[in-house]
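# Structural overview
If you want the building blocks of each chain, they are given just below.
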Amino acid sequence: MKTKKNNILNSLIVISVLFVVVGCVCNSGRESGGDTNSASTDETSQSGSLKKDSGDFIVEHMGVKNQRYESIDRSIRKNKTLEKAADKLNRSLILPHDIPLRAKDCDGVANAFYMSRDKSITMCYELMEYFYRTFKRSGDSDEKANDRMNKAVTFIFLHELGHALIDAYQLPITANEEDAADRCSSYICIEELGDDGVKAVVAAAEFFAIQSKSGGQRSAKVMADEHLLNEQRFFNSLCMIYGSDPQKYNGLVVNNLLPKARAVRCPNEYQRTASSWSKLLKPWRKD
Ligand SMILES: [Zn+2]
């Protein structure tokens, strides 16, 4: 239990990093001009400049039930971490309704989720601890486990943001939404966050890989789950990275992490993903 305090302190860093990252998401990748191009969908191109800003990312401090999370909760309030993130997002994105941002403990459940009922995004402190412990169990030092936790949490937060934006903008998603949210996160990380973003995708991929080896993957419940299997999320993440720059990330193939048969498809796969998300979000970006 002594390590808990350390974990929680580490989580503070996570939150800070997380929302600094989010603040960059929509600013850095914004396309100027506000006009639409021929590749835009009809609906979005015609209404692209007419979107009404009727909501904000708003911070809701929920308090903590478990006292071991009190220090992180207190610090987040004091540093106004959530408020700063919400402010940056609000200056970047048009919203049709409010989207509450929450970081809290979740009754012992390691999770992160978007809730369509109240349009909120919640990151649970338990999930951060779970990432940390998972990386520690894989042999990481405290420092490395903390670092990988930071990055994996960033990826997962952006996954949840993907769900929130799909719902808020009623984006057309024709396949598995969980996969779409993963690709939204990969797109934001790789396109807009540079090397740090790529590292976030890598950390998430490593987490999926570790999880896939932990057993119990093949139950009917797991197979039927709307999330892709950890193995698939691992390879898809690598595919996005490799596809974004095959030369730069050739090591993924050379070192047999990403099978060649899949790798050859990844450049097109990545370009399609990036192009789709860029078009879908463009009408909602503020100048
Ligand atoms: Zn999801």
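In short, a report on the structure. (Residues numbered from 1 in each chain as written. Predicted model: local features only at pLDDT ≥ 70, side-chain atom pairs only at ≥ 80, totals over all residues.)

### Focus: the sheet that holds strand E4 (residues 120-124)
For the record, the criterion: For two strands to be treated as a pair, DSSP must find no fewer than two bridges joining them. Every helix listed is a DSSP run of H or I at least four residues long, and every strand listed is a run of E at least two residues long, numbered separately from the N terminus. In this description, a line fitted to the C-alpha atoms serves as the axis of each element, helices being fitted only across the stretch in contact, and the angle between N-to-C directions of two axes falls anywhere from 0 to 180 degrees.
The strand order across the open sheet built from four strands is E1-E2-E4-E3, with neighbouring strands paired in mixed fashion. At either margin of the open sheet sits one strand with a lone partner, and together these are strand E1 (57-59) and strand E3 (112-115). For this sheet the average axis-to-axis angle between neighbouring strands, irrespective of direction, equals 20 degrees. Taken together, the four bridges between strand E2 (residues 99-104) and E4 define a ladder with parallel strand orientation. When the bridges of E4 are listed, Lys 104 appears paired with Cys 124.

### Notes on the nonpolar core
Most often, soluble globular proteins keep nonpolar side chains buried together rather than apart. For clarity, the cut-off: Core membership is restricted to buried Ala, Val, Leu, Ile, Met, Phe, Trp, Tyr and Cys residues, and these are joined into a nonpolar core through C-beta atoms within 7 Å. Neighbour density around each residue's C-beta defines its exposure: 20 or more other C-beta atoms within 10 Å make it buried, 12 or fewer make it exposed, and counts between make it partly exposed, where C-beta atoms are placed from the backbone.
In terms of nonpolar packing, the biggest core is built from 72 residues, with Val 201, Ala 204 and Ile 241 touching the most fellow members. Ranked by residues supplied to this core, first place goes to helix H6 (residues 142-168) with twelve residues.

### Focus: the packing of H6 against helix H8 (residues 194-212)
Quick reminder of the rule: Here roughly perpendicular refers to angles of 65 to 115 degrees, roughly parallel to angles under 35, roughly antiparallel to angles over 145, and oblique to all remaining angles. Two residues form a contact once the distance between their C-beta atoms, set from the backbone, is within 7 Å. Just so you know the grouping, Ala, Val, Leu, Ile, Met, Phe, Trp, Tyr, Cys and Pro go in nonpolar, Asp, Glu, Lys and Arg go in charged, and all remaining residues, Gly too, go in polar.
For the pair H6 and H8, interaxial distance at closest approach is 7 Å and the crossing angle is 95 degrees. The angle between H6 and H8 places the two elements in the roughly perpendicular class. Of the residues in H8, those touching H6 at Arg 148, Lys 151, Ala 152, Thr 154, Phe 155 and Ile 156 are Lys 199, Ala 200, Val 201, Ala 203, Ala 204, Glu 206 and Phe 207. For the contact of H6 with H8, the per-class residue count stands at eight nonpolar, one polar and four charged.

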